[in-house]
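The residues making up each chain are set out below.
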Amino acid sequence: MTAAARHAPAQPPSATTIRRLGPNEAAASVGALADVLIDCVHGGASVSFMAPLPRDKALAFWRNVADGVARNERVLLVAEDASGAIVGTVQLITAMPDNQPHRADVAKMLVHRRARRQGIAQQLMAAVDDAARAERKTVLVLDTVTGGDAERLYERAGWQRVGVVPDYALMPDGALCGTTFFCKRV
């Protein structure tokens, strides 16, 4: 046993399952995914929506995502708790221009507030790497609000910071925020 292994904190076994949804499962999960998105936006996450996020708008977004899964344009991963409830999600957008067949975008990495600080985000990011390899993607790109918790998550997961664009987007309350872009080779 290495010294690092002897001093590492014990991790409880995870009751969370990460899995890829097919087209029918994606369509059937729209309501649960909308719940996660609404919770994240209402909790202050800058993920392209303003607060308050109406349920019909969240449902329309996830229906569009499910359609993209059906067209094989994106991979939809979900984290389910021990009861089978969806508590997190991330997408790998695989439909790229002809000159970028090797690349994919990571989008909407969301974890419900009640499920945070349990390692779910790390599990989702490891699963997105696996999905990218399965899709034969070698370069991944994502962006996140500058200064947020997600920046640290991505750095710990081996992502390289590319740069910051100040005042790129709005927080759900309307305040301007910078965006940090990351890339990763898988």
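Fair warning: this is a prediction, and the values are worked out from it, not measured in the lab.

Cut-off values and rules
Residues numbered from 1 in each chain as written. Predicted model: local features only at pLDDT ≥ 70, side-chain atom pairs only at ≥ 80, totals over all residues. Heavy atoms only, no water. Patch = residues over 30% accessible without salt bridge, like charges linked within 9 Å, V, L, I, M, F, W, Y side chains within 5 Å. Areas by Shrake-Rupley, 256 points an atom, 1.4 Å probe, with all protein chains shown as cover. Salt bridge = Lys/Arg side-chain N within 4 Å of Asp/Glu carboxyl O. Helix = DSSP H or I, 4+ residues; strand = E, 2+ residues; numbered from the N terminus. Buried < 20%, exposed > 50% of the residue type's maximum accessible area, 1.4 Å probe, protein only. Arc of directions from axis to C-beta. Contact = heavy atoms within 4.5 Å. Axes fitted to C-alpha atoms, helices over the stretch in contact; angles between N-to-C directions. Parallel < 35°, antiparallel > 145°, perpendicular 65-115°, else oblique. Left-handed = near helix turned anticlockwise from the far one by under 90°.

(A) Here's a closer look at a nonpolar patch on the surface. Nonpolar side chains collect at one region of the surface, where Met-50, Leu-170 and Leu-176 lie side by side and expose about 270 Å² of accessible area between them. Assignment of secondary structure puts Leu-176 in strand E7 (residues 176–185). Owing to a relative accessible area of 53%, Leu-176 belongs among the exposed residues under this scheme.

(B) Highlighting helix H6 (residues 149–156). When we look at burial in H6, the residues that qualify are Glu-151, Leu-153 and Tyr-154. Buried residues of H6 fall within an arc of 165° about the axis and therefore sit on the same side. Packing partners of the buried residues in H6 comprise strand E4 (103–111), helix H5 (120–134), strand E5 (139–145), strand E6 (160–170) and E7. Phi turns positive one or two residues past the end of H6, at Gly-158, with a value near 90°.

(C) Quick look at the packing of helix H3 (residues 30–42) against helix H4 (residues 55–70). Orientation of H3 relative to H4, taken along the N-to-C sense of each, is 125°, at an axis distance of 9 Å. One way to sum up the angle between H3 and H4 is to call them oblique. Here H3 and H4 pass one another in a crossing that is right-handed. In this structure, H3 contributes Val-30, Gly-31, Leu-33, Ala-34, Asp-35, Leu-37 and Ile-38 to the contact, and H4 contributes Arg-55, Ala-58, Leu-59, Phe-61, Trp-62, Arg-63 and Ala-66.

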